[in-house]
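One letter stands for each residue in the lines below.
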Amino acid sequence: MTAKVIQLFNPDATRQLARPLFSSAVQAGFPSPADDYLERELDLNEYCIEHPAATYYVRVSGDSMEKAGIYHGDILVVDRSLEARDGSIVVAVLDGELTVKRLSRRNGALYLVPENDAYPVFEIQPEREFLIWGVVTGVVRKFAV
Amino acid sequence: MPDAVFALVDCNNFYASCERVFNPALEGRPIVILSNNDGCVIARSNEAKAAGIAMGEPFHMAKEKIRQRRIAVFSSNYTLYGSMSRRVMDTLETFTPEVEIYSIDEAFLNLAGFEYRGLDSYAREIRAIVRQWTGIPVSIGIARTKTLAKIANRLAKKSERAGGVLDLTERRYLDMALARTEIGDVWGIGSRWAAWLHSQGIRTALDLKHASPRHIRKHMSVIGERIHHELNGISCLPLELVQPARQGITVSRSFGQYLTELDAVKEALLHFVMRAGEKLRRQRLMARHLTVFLWTNRFSSVHPYYSNTAAATLPYATDYTPELIAHAVPLLERIYRPGYHYKKCGVMLMDLQRLDLFDTRDPHKQRRLMKALDAINDDYGARTVLFAGMGTNPAWTTKAEQRSPRYTSNWQELPKVK
């Protein structure tokens, strides 16, 4: 009986982790005890940003999200790699403009909800020009001193 | 040896696309980007191309068309483009550790070993993720050599049906694609060779593929022979030989081993700056914008990840390597951090200006003069000494009247959300 040799794959030990990692962060949010960066000085970048390539800062204009603790002049940390969920605070494109609102899904319909009673809730009509630009993961505010 | 798989990822209308990410009202609108002194068109969106605006067209000649078609006009924002380029490359690096940055908006990915995932579907995933993370649309061509990947990429971009991705690793589609590719559109075939090949009855890439290697070698030297090999699936083309300047010159390599010390990274960077300077001079160009970038290994499970860029607009366009080095080193020092294991660094030269063929100015003398003037202005206050009637020297004036904000690199210029 002849044995058929099937091509053998030799693992390439000179490469690190050649797996595609395409949706979540390469490193988890928490440092493991083995990581040497526990000994480094604290860095706000590491705290705020999980996906550097996909993270942007935007400046808030107006008070439509005050009840969520987002005020005029704040900087928002926006991560485009995250999937927006019901309740996420998102930056969205509405009629060509960037807006920050809470995303809400009710009875199969999608809404952009302000966090200020003075502003109306927008229902996203299917024909309307709408896009999620990114998910807000943090807010940065400096006080005048 | 397993078959090579190269994927060329190329951003669509890169500069225009960068402008659209932070200004979504521009989506679908025709856009042109002007050179640093607002003199001529250096980039266009597809809609502007369709409106008949030519690459390199002087702005004053395009004004009427721009007004009629309501074309959005921007002065070049190299800082933004460099920043977005790094983000695109960072994103590509999550798909394979072997990303070879070829220019500001193109990279070759080594996808050997990823066939089990389906190359076409993997590439579509790459395209979707890049679009999601950076807002930049890309086209992807996949083939067994870089020259073939370029051909695939071009077709992926042009063909509606392809939807931005074309996999030519399969033999039967490859020859069809080569038959549809004009010889002048093959990477490395300039107009002179294209004319000669036409005279030999070689009109398409397929014709060249089937041509006699000896005949090609005799008339097109070893470079032509390499192109011939590449079209036949034998990968042998070093990138340096075929990089056109287009909008920028990029030199970037992975280090043979991780580097941790600043001096070691600096040494590597200096090599890249020297190569970039050589390319500049070979193409009779000078650069006025310089970006340095630095990366650790994205895939390491042991070492933390860090990547960064720093950019500078030079006081005047230059092709003089010592000057490029003098600007590049402080940029590196600004982004280098101790304690990281660096895998790759690079330099990008943008805002390229043509050196006049009949220019009789002595560039070295001019530089010394500039330095003396700078010193006087430093000591006695800016603008103490000015040039009267500089005329058409673009290096001295920057209008940049319609430059978009530096959305990703200036706290005062962040995108606004309501």
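Bear in mind that the values here come from a model prediction, so they are computed numbers and not experimental data.

### Describing the overall build of chain A
Piece 1. Scanning chain A for helices and strands turns up one helix and seven strands.
Piece 2. Going from N to C terminus, chain A has its helices and strands arranged as α-β-β-β-β-β-β-β.
Piece 3. Out of the 145 residues in chain A, the part that is buried amounts to 32%.
Piece 4. For chain A, the proportion of contacts with a sequence separation of at least 24, taken over those separated by at least 6, is 51%.
Piece 5. Just so you have it, chain A exposes about 9800 Å², and 55% of that area is on carbon and sulfur atoms.

### As for the nonpolar core
Piece 1. Judged by nonpolar contacts, the single largest core of 67 residues is most densely connected at Trp133(A), Tyr15(B) and Leu92(B).
Piece 2. Contacts of Leu92(B), omitting those with residues within four sequence positions, involve Val9(B), Val99(B), Ala107(B), Leu109(B), Ile126(B) and Val130(B).
Piece 3. Residues Phe272(B), Ala287(B), Cys345(B) and Leu349(B) belong to the second largest nonpolar core, which totals 32 residues.

### Observations concerning the pattern of salt bridges
All names here are of chain A.
Piece 1. According to the stated counting rule, one finds 22 salt bridges over all chains in the structure shown.
Piece 2. A salt bridge links Arg102 to Glu115, with the nearest nitrogen and oxygen atoms 2.6 Å apart. In this pair, Arg102 is assigned in strand 4 (residues 97-106) and Glu115 in the loop between strand 5 (109-113) and strand 6 (122-123), connecting sequence segments 13 residues apart.
Piece 3. With a relative accessible area of 16%, Glu115 lands in the buried category.

### A short note on helix 5 (residues 119-134) of chain B
Piece 1. For helix 5 of chain B, with 16 residues, the first-to-last C-alpha span of 22 Å sits near the 22 Å given by 1.5 Å per residue.
Piece 2. If you check which residues of helix 5 of chain B are buried, you get Leu119(B), Tyr122(B), Ala123(B), Ile126(B), Ile129(B), Val130(B), Trp133(B) and Thr134(B). Taken around the axis of helix 5 of chain B, the buried residues stretch over an arc of 125 degrees, which confines them to a single face.
Piece 3. In this fold, the buried residues of helix 5 of chain B make contact with strand 1 (55-60) of chain A together with helix 1 (14-21), helix 4 (78-92), strand 6 (106-110), strand 7 (138-143) and strand 8 (165-167) of chain B.
Piece 4. Just beyond helix 5 of chain B, the residue with positive phi is Gly135(B), at close to 80 degrees.

Thresholds, definitions, all that
- Residues numbered from 1 in each chain as written.
- Chains lettered and ligands numbered in written order.
- Predicted model: local features only at pLDDT ≥ 70, side-chain atom pairs only at ≥ 80, totals over all residues.
- Heavy atoms only, no water.
- Helix = DSSP H or I, 4+ residues; strand = E, 2+ residues; numbered from the N terminus.
- Buried < 20%, exposed > 50% of the residue type's maximum accessible area, 1.4 Å probe, protein only.
- Contact = heavy atoms within 4.5 Å.
- Areas by Shrake-Rupley, 256 points an atom, 1.4 Å probe, with all protein chains shown as cover.
- Core = buried A, V, L, I, M, F, W, Y, C linked by side-chain atoms within 4.5 Å.
- Salt bridge = Lys/Arg side-chain N within 4 Å of Asp/Glu carboxyl O.
- Expected span 1.5 Å × (residues − 1).
- Arc of directions from axis to C-beta.

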